Amino acid sequence: MLENILLFLFALNFLNNGHIFLILLLVLRVSQTRALRFSRDFWVLSVFSILYFALYWFLNQSLSVLVLLSPAAFLAGCNLEPFKEERQLEKTVRILTLGMFTHVFLNYVYTVFRQGFQYLGTRHYDVWTGAVSAVTAQMVNYILLICFLGCCIFHFKRYLYLVPLLIFCIFHAVICGSRTVVGLFAVSAIVSFFAFVISE
């Protein structure tokens, strides 16, 4: 239960400190298993993260510490409870999806509160920091949700709770003029359709 809460707060980037919950999740997992699983992919990702960190500092004379957390996020994922069943994996993805959606939804509400109901998607504020971000930076939080489009179409009853979220996602993408999200919706629908036809 605690793992799920920490995972949700990480996806929500709660108080702009999502990385702290990621570290707590990793510490919790280590305390439970008394061991860490390191894969070859982790070390490859670590090398690229360090190289990016060094190159960014060299070119911009500033530090981008958060990029070093990418290997930590991967390591935490590798050391979560083993996905012995498909439902366990789906549960983790659902938690991440709900956390990311909640973040962008709170951003939307906060932006409307600051700008009024004439909000046209031209400016987006982060609810935790108040900083302005681009449309793409907001819409990226919908990616996992869009992946559930096919599930909602072909397994409607099981994923009924996600339908309102998808409707809001489409609404938000349209008023923001996010062609990327609209395009991803179309691609997801087409791929889901062919996957369903092939599986039958």
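This text follows the structure it describes.
Here's a quick rundown of the structure. Worth saying up front: this structure is predicted, and the values here are computed from it rather than measured.

## Some remarks on the packing of helix H1 (residues 2-12) against helix H2 (residues 18-33)
- Interhelical geometry of H1 versus H2 gives an angle of 155 degrees and a closest axis separation of 8 Å. Here H1 lies roughly antiparallel to H2, going by the angle between them. When the axes of H1 and H2 are compared, the crossing they make is left-handed. Contacts from Leu2, Glu3, Leu6, Leu7, Leu9 and Phe10 in H1 reach Gly18, Phe21, Leu22, Leu24, Leu25, Leu28, Arg29 and Gln32 in H2.

## Considering the nonpolar core
- Ranked by internal contacts, the top residues of the largest apolar core, which has 21 residues, are Tyr142, Leu145, Leu162, Cys169, Val181 and Phe185.
- Those elements that provide at least two residues to this core are helix H5 (86-115), helix H7 (143-147), helix H8 (149-154), helix H9 (163-176) and helix H10 (179-199).
- Element by element, the count of residues in this core is highest for H9, at six residues.
- Among all residues touching Leu162, those that are not within four sequence positions of it are Leu98, Leu145, Phe148 and Cys152.

## Things to note about the environment of Ser31
- Mapped onto the fold, Ser31 is located in helix H2.
- Here Ser31 falls in the partly exposed class, since its relative accessible area comes to 37%.
- In terms of polar contacts, Ser31 uses its side chain to reach the backbone carbonyl oxygen of Leu28, at 2.6 Å.

## Here's the deal with the packing of aromatic side chains
- Taken as a whole and assessed by the stated rule, the structure comprises 12 aromatic pairs.
- Note on Phe148 and Tyr159: the rings are 5.9 Å apart at their centroids and 45 degrees apart in plane angle, and the pair reads as tilted. Within this pair, whereas Phe148 is found in the loop between H7 and H8, its partner Tyr159 is found in the loop between H8 and H9, the two being separated by 11 residues in sequence. For the pair shown, Phe148 and Tyr159 are each scored as buried.
- The aromatic ring of Tyr125 is capped on one face by Arg114, whose charged end is 3.9 Å from the ring centroid.

## Some remarks on unusual backbone geometry
- One non-glycine residue with positive phi stands out, namely Leu15, at about 55 degrees.
- Along the chain, Leu15 turns up in the loop between H1 and H2.
- By relative accessible area, which is 49% here, Leu15 ends up partly exposed.

## Structural notes on H9
- Its 14 residues place the ends of H9 20 Å apart at the C-alpha level, agreeing with the 20 Å of an ideal helix rising 1.5 Å per residue.
- Inspection of H9 places Leu165, Leu166, Phe168, Cys169, His172, Ala173 and Cys176 among the buried residues, and these make up the whole buried set. Buried residues of H9, seen end-on, are gathered within an arc of 160 degrees and therefore sit on one face of the element. For H9, the exposed residues lying more than 90 degrees away from the buried face are Ile167 and Val174.
- Taken from the residues just after H9, Gly177 is the one with a positive phi, measuring 70 degrees.

## Points about the pattern of salt bridges
- Summed over all chains, the structure comprises two salt bridges.
- A salt bridge links Glu90 to Arg94, with the shortest nitrogen-to-oxygen separation between them at 3.9 Å. Highlighted residues: Glu90 and Arg94, both in helix H5, separated by four residues, approximately one helical turn.
- By relative accessible area, which is 12% here, Glu90 ends up buried.
- Residue Arg94 is classed as partly exposed on the basis of its relative accessible area of 29%.
- Between Glu90 and Arg158 there is a salt bridge, and its shortest N-O distance comes to 3.0 Å. In this pair, Glu90 sits in helix H5 while Arg158 sits in the loop between H8 and H9, placing the two residues 68 residues apart along the sequence.
- Within this structure, Glu90, Arg94 and Arg158 form a network of salt bridges that share partners.

Criteria and thresholds
Numbers given to residues run from 1 along each chain, matching the order in which its sequence is written. Residue-level local features of this predicted model are given only where pLDDT is at least 70; pairs of side-chain atoms are given and counted only at 80 or more, and the full residue set underlies all totals for whole chains, interfaces and linings. Side-chain figures throughout are based on the complete set of non-hydrogen atoms in the structure, without hydrogens or water. What counts as an axis is a line fitted to C-alpha atoms, over the stretch in contact for a helix, and the angles between N-to-C directions run from 0 to 180 degrees. Secondary structure elements are taken from DSSP: a helix is a run of H or I of four residues or more, a strand is a run of E of two residues or more, and numbering for both begins at the N terminus. Throughout, the term roughly parallel applies to angles under 35 degrees, roughly antiparallel to angles over 145, roughly perpendicular to angles from 65 to 115, and oblique to all others. Helix crossings fall into two classes, left-handed where the near helix is turned counterclockwise from the far one by less than a right angle and right-handed where it is turned clockwise. Between two residues, a contact is recorded if the distance between any of their heavy atoms is within 4.5 Å. To form a nonpolar core, buried Ala, Val, Leu, Ile, Met, Phe, Trp, Tyr and Cys residues must be joined to one another through side-chain atoms within 4.5 Å. A 1.4 Å probe rolled over the protein chains alone gives each residue an accessible area, and that area as a share of the maximum for its type sets the label: buried under 20%, exposed over 50%, partly exposed in between. Pairing of N or O atoms within 3.5 Å defines a polar contact, subject to two protein rules: one partner must be a possible hydrogen donor and the other a possible acceptor, and residues neighboring in sequence count only if both atoms are side-chain atoms. Each Phe, Tyr or Trp ring, with Trp reduced to its six-membered ring, pairs with another whose centre is within 6.5 Å; inter-plane angles below 30 degrees give stacked pairs, above 60 give edge-to-face pairs, and intermediate values give tilted ones. By definition, being over a ring means that NZ of Lys or CZ of Arg is both within 6 Å of the ring centre and within 35 degrees of the ring normal. Each helix should span, by expectation, one fewer than its residue count multiplied by 1.5 Å. Of all possible arcs, the one meant is that of the directions from the helix axis to the C-beta atoms. The term salt bridge refers to a pairing of a side-chain nitrogen on Lys or Arg with a carboxyl oxygen on Asp or Glu at a separation within 4 Å.

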